[in-house]
Amino acid sequence: MMNEHLRAFPSPARGDGKALHALATLFLSILFLVLPALAARAMEIQSVTSPKGVTAWLVEDYSVPVVAIRLVFGGGSTQDPPGKEGLANLMTGLFDEGAGTLDSEAFQIRLDDAGAEMSFDETRDGIYGSMRMLAEQRDEAFDLLRLAVNEPRFDQAPIDRIRAQVLSGIIANENDPDTVAQNRWARAVYGDHPYSRSDQGTRQSVAAITQADLKALHKAVFARGGLHVAVVGAIDAETLKKKLDMVFGDLPPNQALAPVGDIEPRLAQHIEVNYDLPQTSLQLTWPGVKRTSPDFFPAALMNEILGGGTFTSRLFQEVREKRGLAYSVNSSLVNQDHADALIVTTGTRSDRAAETLGIVRDVVKRLAEDGPTEAELAATKKYLIGAYAINNLDSSSSIAATLVELQLDDLGIDYMQRRSGYINAVTLDQVKAAAKKLLTAEPTIMVVGPPLAGAGKG
């Protein structure tokens, strides 16, 4: 039910691109077959800085003739002005709808002719862009990215068309239990903070967005000072320096973002979103831990033992394996720029929802009181070290996405080499302390389905 970047262990971000035509489909098939070999060997990550001061992390790989670029500008939907919620979301749908002298149709034709795909997406904290291209046509592809980044047209006809699509989604979601529930949850947990608002906006706010609003947000966000870039594929450092200056070198040096404060999620609440459904969804929220905290790795290991490990976690064993109450149950450490949380989600038959909730709370209570065993901790360390490449480095795009997240978290270019040492250094006492610190709080509980008597107790 959560759709934010889960940056506890950086992973590929959402919205990695639109479908290509036949040529792109072919090279992407080759890409996913060949590039896992890149993840299996040690990667050399270069920090490349252009003459104009634009920095990117680069992994050169010539096994396939493909280049992938991932970029992010800080400041996402939190920058939507009050009454204009959904502005960032609408803007990201327009970057391939015309730029420079090219209108929407001409831009799309050029993009197809270049054998490239490009997409933009927003989160609460950033505006993300992705592009994948054939190396032999990278000049054309990078030029189209330059136009999109620097000179988006925001023509009225595409604005109206994309706005209509967004509004259609908003109207459909007004009757979607999960969307209604997530909006309720965000308002309850985050109050009047920007995190409480829907990224999509409302009917009224999206209808109120103007061309001038789009241009103002683009000007405020798209600047070199808030930019992070990663590039993976068949391109060398000297060529990349020229492309970085071409695409980003003429952007303003500094962003002009509205300030956003940090917030602690509001706990000890019971939220019911009543629908007559055969399955009830449960979501429980506990305190989280900042990515920069010395407690982060103990908390991450504790979370994996609790519910992060799909087939080995305590929640999976107790809720699914022993009792068959749910198809899936999981816990996640959610790290955002201004808030952190640990969230457990599951869904079960409505007539067994109270039982399932009680078991979840009992598992959490026992882990908080007693902590994990030495065997659980050893197995979890081994898994988290071994699974990193599979989960984060299985294609050029996922590598680029991971490198951008590492930059955002300020973890350093050699983090992948240091990561296993951080995990192995965690002691059992540290994990027990993390469990006690985070899981003894009274959680906020959300129940989506028929009324559940006594759901707030446990």
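Now for a description of the structure that goes with this document. None of these values were measured; they are calculated from a predicted model.

## Details of the nonpolar core
Part 1 of the argument: Ranked by size, the top nonpolar core spans 58 residues in total, and within it Leu306, Val344, Leu403 and Leu439 carry the most contacts.
Part 2 of the argument: When residues in this core are grouped by element, the largest group, eight residues, is from helix H13 (residues 353–370).
Part 3 of the argument: The contacts of Leu403, once residues within four sequence positions are left out, are Ile45, Trp57, Val59, Ala230, Val232 and Met416.
Part 4 of the argument: Formed by 56 residues, the second largest nonpolar core is a distinct cluster that contains Ile69, Phe73, Ala114 and Leu145.

## A look at the packing of helix H11 (residues 296–308) against helix H14 (residues 374–392)
Axes are the key here: two packed helices are described by the angle between their axes and the distance separating the axes.
Part 1 of the argument: Interhelical geometry of H11 versus H14 gives an angle of 105° and a closest axis separation of 10 Å. The pairing of H11 with H14 is recorded here as roughly perpendicular in orientation. Here Leu301, Glu304 and Ile305 of H11 lie close against H14, whose contacting residues are Glu376, Leu377, Thr380, Lys381, Tyr383 and Leu384.
Part 2 of the argument: Residues belonging to the contact of H11 with H14 are distributed by class as follows: five nonpolar, one polar and three charged.

## Some details on the sheet that holds strand S1 (residues 46–49)
Part 1 of the argument: Pairing is mixed across the open sheet formed by six strands, whose spatial order is S1-S2-S6-S3-S5-S4. Strand pairing shows two members of the sheet lacking a second neighbour, S1 and strand S4 (117–122), which therefore form its edges. Strand-to-strand, the axes of this sheet are offset by a mean angle of 20°, without reference to chain direction.
Part 2 of the argument: Direction of pairing for S4 relative to strand S5 (residues 126–134): antiparallel, over a ladder of six bridges. Within S5, the position partnered with Asp121 by the bridge is Tyr128.
Part 3 of the argument: Against the sheet, helix H15 (residues 396–408) contacts strand S2 (55–60), strand S3 (66–74), S5 and strand S6 (227–233), and its axis sits at roughly 150° relative to S6.

## Details of the pairing of strand S8 (residues 279–287)
Part 1 of the argument: With eight of nine residues buried, S8 is to be regarded as a mostly interior element.
Part 2 of the argument: In terms of strand pairing, S8 meets strand S10 (residues 340–349) through nine bridges, oriented antiparallel. Opposite Gln279, over in S10, you have Arg349 as the bridge partner.
Part 3 of the argument: Examined bridge by bridge, S8 and strand S11 (residues 444–449) share five bridges and lie antiparallel to one another. Following the sheet pairing, Gln283 is matched in S11 by Met446.

What counts and how
- Residues numbered from 1 in each chain as written.
- Predicted model: local features only at pLDDT ≥ 70, side-chain atom pairs only at ≥ 80, totals over all residues.
- Heavy atoms only, no water.
- Core = buried A, V, L, I, M, F, W, Y, C linked by side-chain atoms within 4.5 Å.
- Buried < 20%, exposed > 50% of the residue type's maximum accessible area, 1.4 Å probe, protein only.
- Helix = DSSP H or I, 4+ residues; strand = E, 2+ residues; numbered from the N terminus.
- Contact = heavy atoms within 4.5 Å.
- Axes fitted to C-alpha atoms, helices over the stretch in contact; angles between N-to-C directions.
- Parallel < 35°, antiparallel > 145°, perpendicular 65-115°, else oblique.
- Nonpolar A, V, L, I, M, F, W, Y, C, P; charged D, E, K, R; others polar.
- Pairing = 2+ DSSP bridges.

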